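Architecture and fold: a report
If you want the building blocks of each chain, they are given just below.
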Amino acid sequence: MTLKDIPLTTLDGKSATLAQLSRGATLVVNVASKCGLTPQYAALEKLSKDYADRGLTVVGVPCNQFMGQEPGTAEEIQTFCSTTYGVTFPLLAKADVNGENRHPLYAELTKAVDSDGKAGDIQWNFEKFLVTPDGEVVNRFRPRTEPDAPEVIDAIEAVLPR
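Residues numbered from 1 in each chain as written. Predicted model: local features only at pLDDT ≥ 70, side-chain atom pairs only at ≥ 80, totals over all residues. Heavy atoms only, no water.

Focus on the pattern of salt bridges
The criterion, for reference: One speaks of a salt bridge when a side-chain nitrogen belonging to Lys or Arg is within 4 Å of a carboxyl oxygen belonging to Asp or Glu. Exposure classes here rest on a 1.4 Å probe applied to the protein chains alone. A residue is buried below 20% of its type maximum, exposed above 50%, and partly exposed in between. Secondary structure elements follow DSSP: runs of H or I of four or more residues count as helices, runs of E of two or more count as strands, with numbering from the N terminus.
This model, assessed by the stated rule, comprises nine salt bridges. Across the salt bridge formed by aspartate 12 and lysine 14, the nearest N and O atoms sit 3.7 Å from each other. In this structure, aspartate 12 and lysine 14 share a single accessibility class: exposed. Residue arginine 142 pairs with aspartate 114 through a salt bridge whose shortest N-O separation is 2.7 Å. One end of the pair, arginine 142, is in the loop between strand 6 (137–141) and helix 5 (150–159); the other, aspartate 114, is in the loop between helix 4 (104–109) and strand 5 (128–131), with 28 residues separating them in the sequence. Linked by salt bridges that have partners in common, Asp114, Glu127, Arg140 and Arg142 make up one network.

This is how it looks when you write it as structure tokens:
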């Protein structure tokens, strides 16, 4: 089984995998509605729209592990994301990204190293992982790296067809 075959649940309770949600490259991001980094949703939605035709799918994973900054229900999260930031990309069910109840997706993602060569636990909300169409994690961007930062754009461009 590859990373793209790990069983997931969407925010609306349906079963899925990354392979079903994304035929191409995927940017997986743990998200939260009440975080100082929440405005990154706008740039994530822009990436989603700008690169959809070339095969990029952004997937948000709500997580309440960082100071309780994602306390809402699935319905509240969906409403907040769509009305505040116009989010149209897929959102998964709320999940743990660290600790003994870490979602299997994050058990794999956290093996990837960042630009400093460090793997391990998610530092905070809005940590980003770029996954190739074949399920390889090729980049890890820490929370304060904006979704539209040059290094993120360059990495996305490198894994998408021209």
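A short note on the UniProt feature "active site" (unreviewed entry) in the protein
Inclusion rule: UniProt positions are given in the numbering used here, feature names are shortened, and annotations may be inferred rather than shown by experiment. Residues are treated as being in contact if the distance between any of their heavy atoms lies within 4.5 Å.
Per the UniProt record, "active site" (unreviewed entry) is annotated on Cys35. Take cysteine 35: it is sitting in the loop between strand 3 (25–31) and helix 2 (40–51). Excluding its chain neighbours within four sequence positions, the residues that come into contact with cysteine 35 are Gln69, Trp124 and Asn125.

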